[in-house]
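Architecture at a glance
Now for the letters of each chain:
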Amino acid sequence: MTDVVDSDELLRRMHRARACAAQEERSWRARSGELGGSDAEAAREAAVRAVAYETVLRVLDEILTPGRRAEGT
């Protein structure tokens, strides 16, 4: 990544990253729910991945809209 990007492009990239993380979080949560009774280990793995994407979302939200989320929510 040697190209120089302006602030607008950086903001667009962060918004795309947030949208991607939101989609992945939804997908892993759904998969965790689907696997709940049939494969406990896979369901746990999916739940962990969902939490990881949720964390990424929280970080990107704070970068893109500082202070919008209340502390502890």
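Calculation rules
Residues numbered from 1 in each chain as written. Predicted model: local features only at pLDDT ≥ 70, side-chain atom pairs only at ≥ 80, totals over all residues. Heavy atoms only, no water. Salt bridge = Lys/Arg side-chain N within 4 Å of Asp/Glu carboxyl O. Helix = DSSP H or I, 4+ residues; strand = E, 2+ residues; numbered from the N terminus. Buried < 20%, exposed > 50% of the residue type's maximum accessible area, 1.4 Å probe, protein only. Contact = heavy atoms within 4.5 Å. Expected span 1.5 Å × (residues − 1).

1. Focus on the pattern of salt bridges
- One pass over the full model with this rule turns up 9 salt bridges.
- A salt bridge links Glu45 to Arg49, with the nearest nitrogen and oxygen atoms 2.9 Å apart. Within this pair, Glu45 and its partner Arg49 are both found in helix α2 (residues 40-64), separated by 4 residues, close to a single helical turn.
- Glu45 gets classed as partly exposed once you look at its relative accessible area, which sits at 35%.
- Assessed through its relative accessible area of 38%, Arg49 is described here as partly exposed.
- Salt bridges linked by common partners bring Glu9, Arg12, Arg13 and Arg16 together as one network.

2. Quick notes on the environment of Tyr53
- By secondary structure assignment, the location of Tyr53 is in helix α2.
- Along the primary structure Tyr53 and Arg31 are separated by 22 residues, whereas in three dimensions their C-alpha atoms are 14 Å apart.
- Not counting the four nearest positions on each side in its chain, Tyr53 is found in contact with Ala21, Glu24, Glu25 and Trp28.

3. A look at helix α1 (residues 7-35)
- Look at α1: 42 Å from first C-alpha to last across 29 residues, which is about the 42 Å you get at 1.5 Å a residue.
- Taken together, the buried positions of α1 are occupied by Glu9, Ala21, Ala22, Glu25, Trp28, Ser32 and Leu35.
- Tucked into the core, α1 has its buried residues touching α2.

4. Let's talk about α2
- For α2, with 25 residues, the first-to-last C-alpha span of 36 Å sits near the 36 Å given by 1.5 Å per residue.
- Looking only at α2, the buried set comprises Ala43, Ala46, Ala50, Leu57, Leu60, Asp61 and Leu64.
- Its buried side turned inward, α2 meets α1.

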